[in-house]
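Descriptive analysis of the structure
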Amino acid sequence: MNQISPLQQARYDYQPKLPPVFLECGPFAAARSGEETCSVSDQKQIKALFPDTYGLPAVTFVRRSVFDCPPIKAGVILSGGQAPGGHNVIAGLFDGLKALNPDSELFGFLGGPSGLIDNKYIMLNEGLVDQYRNTGGFDMICSGRTKLEKDEQFAQVARNCAQHGIKAIVIIGGDDSNTNACALAQYMLSHQTGVQVIGCPKTIDGDLKNAWIEVSFGFDTATKVYSELIGNIMRDANSARKYWHFIKLMGRSASHIALECALQTHPNICLISEEVEKKGMSLDQIVDEMTALVVSRADRKMKYGVVLIPEGLIEFIPESKVLIAELNDFIGKDKETFDGLTSDGKMEYVVKRLSQASLKAFESMPLMIRKQLLADRDPHGNVQVSRIETEKMLAMLIEERLAGINGIRAENNKKAQNESGKEKPVEFSAQTHFFGYEGRCAAPSNFDADYCYSLGYTAAALIGAGKTGFMASVRYLSCPAAEWEAGGIPLTMMMNMEHRHGKDVPVIKKALVELSGKPFQAFAEHRQAWGVGTEYVYPGPIQYFGPSAVCDQTTVTLRLEQA
Ligand code: FBP
């Protein structure tokens, strides 16, 4: 292994906290079943698609159960984008399985779902797992974005499990990966393979949540890292007093990250995609409102400010949403021809095919953004929003607006009778940033270290209790870990039907920012004051050692939601 930093060395000694039920009885916990469950909507269709796992009751681990557990062979994968704490989920799972029976074995499938399909794995042992305890990143077994969704793939996974004698698979992933975990569980049951499937909620985006899954892991650490960086930029802005900083924040679709960072740092502007969509705001309107604040601050001698922009914004502006859907559709259908065209050829190709309204929206965007909208698609033919520089687009459009305003001011000034009637030109200089990858592999905060270890341990307990088609759940997270409750919920409970790529498919419902929810309401109550004034908060770096008030704070979102 490479040289280890003193902090990492010290973090090896950190013992993650567990829900009290596991401190009392290890993974030999008895699961208390609740009421039968149902999916969030489309109950009939979901039930028909998942007949063997639909309706199972959610379970809570409550007390010691006495059973002899034979050695278990289990496999684990990390799926999708990195999120701080993934290694601790694996460490918790490893320790839980070993506590169930010291002869249990854990296969780490490499590179995400593709490792499971192609049978590429390493055996996880004490020495290896120890090297990764409380560390960021997914590099122990790496991740990938291959979709595990076809029956042939499930059959191959079943064959691989049979070859090794694997009786349980743990999938650590976001909404899509857990949707696939649900389908895999159904396949394994209906084909009587005896392989259990358990999911764990991962994604920095924070959009995999409900009453049982209070937050996905990684959100806490990532938002703390971004808030530290935003706070540093705010302090620079407030020191130099000459720049407007436009900061785009990761989050493929929902604006939870931007909202949480706003609650931690109090920026002058923070756009929330869900609000833009609800109000049906056009790009012009957004730029007009932002420009008005820039002008108002400049006229009060504040030529600086900080703007937070959620990564997914462009897909929530109604006219761009239609534009992107049209582009995805016809580029997807004719991919080979399109890929073969030159940059100018691509431009000509889309201009000929776009509807009138979408053409207008397309042409209102700076050339750079138009080109980015036509750049490489993801494996599903969709535009990759993290590559669209909306932060630059907004800064450019505001600059254009200000040129107009300054032109009018100059004209008016010519007509002014005296000096006092003259208006100063608005000075505006922008810096742009994109924070995403900076936070995804950070060393997990104490919260994420504890939560992730607990999720992994819960997954082991669910395996021990014979469950399949469940997601590990740890609740009451804004309380100290001594009050946490562990259990599991059927994956089918989170599903609904959605129209994707031309057909209705069952998927786990994405949790967008709720405009009636307490976090957004708290932001809405203060944003005007944060806009006109300078009320920045500088959170500073994540602290791993020290007073609990500094080291163990959860996110503001979680605290407000559970208040
Ligand atoms: P997951 O949903 O898989 O956790 O990934 C989230 C994310 O970090 C998004 O915020 C971002 O848009 C995307 O991954 C970036 O993807 P990639 O890692 O492929 O660049």
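Shown above is the structure to which this text applies.
Residues numbered from 1 in each chain as written. Predicted model: local features only at pLDDT ≥ 70, side-chain atom pairs only at ≥ 80, totals over all residues. Heavy atoms only, no water.

The secondary structure content of the chain amounts to 23 helices and 16 strands. Taking 2.2 N^0.38 as the reference for a compact globule, 563 residues should give roughly 24 Å; the C-alpha atoms of the chain span a radius of gyration of 25 Å, in line with that estimate. Projected onto the principal axes, the alpha-carbon positions of the chain cover approximately 95 × 60 × 50 Å. The 563 residues of the chain split such that 56% are buried. Partitioning the contacts of the chain with sequence separation of at least 6, the portion at a separation of at least 24 is 78%. Accessible area for the chain stands at about 23,700 Å²; split by element, carbon and sulfur atoms hold 51% of it. Within the chain, one finds 58 positive and 66 negative side-chain charges whose respective centroids are separated by 2 Å. (Helix = DSSP H or I, 4+ residues; strand = E, 2+ residues; numbered from the N terminus. Rg over C-alpha atoms; globule rule 2.2 N^0.38 Å. Buried < 20%, exposed > 50% of the residue type's maximum accessible area, 1.4 Å probe, protein only. Contact = heavy atoms within 4.5 Å. Areas by Shrake-Rupley, 256 points an atom, 1.4 Å probe, with all protein chains shown as cover. Lys, Arg positive; Asp, Glu negative; His and termini not counted. Charge placed at Lys NZ, Arg CZ, Asp CG, Glu CD.)

The end-to-end C-alpha distance of helix α9 (residues 219-240) is 31 Å, a good match for the 32 Å that 22 residues give at a rise of 1.5 Å each. Two residues or fewer past α9, R241 is found with a positive phi of approximately 55 degrees. (Expected span 1.5 Å × (residues − 1).)

Taken in spatial order, the 4 strands line up as β10-β11-β9-β12 in an open sheet, and their pairing is parallel. Among the strands making up the open sheet, the edge pair consists of β10 (269-270) and β12 (430-435). Pairing of strand β9 (residues 244-249) with β12, which is carried by 6 bridges, proceeds in the parallel orientation. For F246, the partnering residue across the bridge sits in β12 and is T432. The sheet strands contacting helix α10 (residues 256-265) are β9, β10 and β11 (305-310), and the helix crosses β11 at an angle near 155 degrees. (Pairing = 2+ DSSP bridges. Axes fitted to C-alpha atoms, helices over the stretch in contact; angles between N-to-C directions.)

Applying the stated criterion to the full structure yields 1 cavity of 30 Å³ or more. Looking at the largest cavity, its volume works out to about 50 Å³. Lining the largest cavity, in full, are G206, K209, E214, V215, F219, H256, T555, T557, L558 and E561. For the lining of the largest cavity, the per-class residue count stands at 3 nonpolar, 4 polar and 3 charged. (1 Å grid on protein atoms, 1.4 Å probe; cavity = no way out; pocket = protein on both sides within 12 Å on 5 of 7 lines; lining within 4 Å. Points joined across faces, edges and corners; volume = space filled by probe spheres on them. Nonpolar A, V, L, I, M, F, W, Y, C, P; charged D, E, K, R; others polar.)

In this section: helix α20 (residues 446-464). The end-to-end C-alpha distance of α20, which contains 19 residues, comes to 27 Å, matching closely the 27 Å that a straight helix rising 1.5 Å per residue would cover. Of all 19 residues in α20, 18 are buried; the element is thus mostly enclosed.

Moving on: the packing of helix α12 (residues 283-299) against helix α18 (residues 390-415). With their axes 9 Å apart at the nearest point, α12 and α18 run at an angle of 60 degrees to one another. It follows from the interaxial angle that α12 and α18 lie oblique. Two packed elements cross with a definite hand, and for α12 against α18 that hand is right-handed. On α18, the residues that touch L283, D284, I286, V287, D288, M290, T291, V294, V295 and D299 of α12 are M393, L394, L397, I398, R401, L402, I405 and R409. Of the residues contributing to the contact of α12 with α18, the split by class is 12 nonpolar, 1 polar and 5 charged. (Parallel < 35°, antiparallel > 145°, perpendicular 65-115°, else oblique. Left-handed = near helix turned anticlockwise from the far one by under 90°.)

Around the ligand sit 13 residues, and of these G81, R145, D205, E311 and Y437 come closest. Contact distances for the ligand include 2.7 Å between an oxygen atom and a side-chain N or O atom of D205. G251 is positioned with one of its backbone polar atoms (N or O) 3.3 Å from an oxygen atom of the ligand. In the complex, the protein chains occlude 79% of the 490 Å² of accessible area that the ligand would expose alone. (Near = heavy atom within 4 Å. Polar contact = N/O pair within 3.5 Å; in protein donor to acceptor, adjacent residues only side chain to side chain.)

For soluble globular proteins, nonpolar side chains are generally found buried alongside one another. Core analysis: the largest hydrophobic core is formed by 85 residues, its most contacted members being Y226, I230 and L249. Residue contributions to this core peak at 11 residues, all from α20. Not counting residues within four places of it along the chain, the set of residues in contact with Y226 comprises I204, L249, M250, I257, C261, F435, G436, E438, G439 and R440. Within the second largest apolar cluster, 46 residues are counted, among which are L271, I309, M393 and F428. (Core = buried A, V, L, I, M, F, W, Y, C linked by side-chain atoms within 4.5 Å.)

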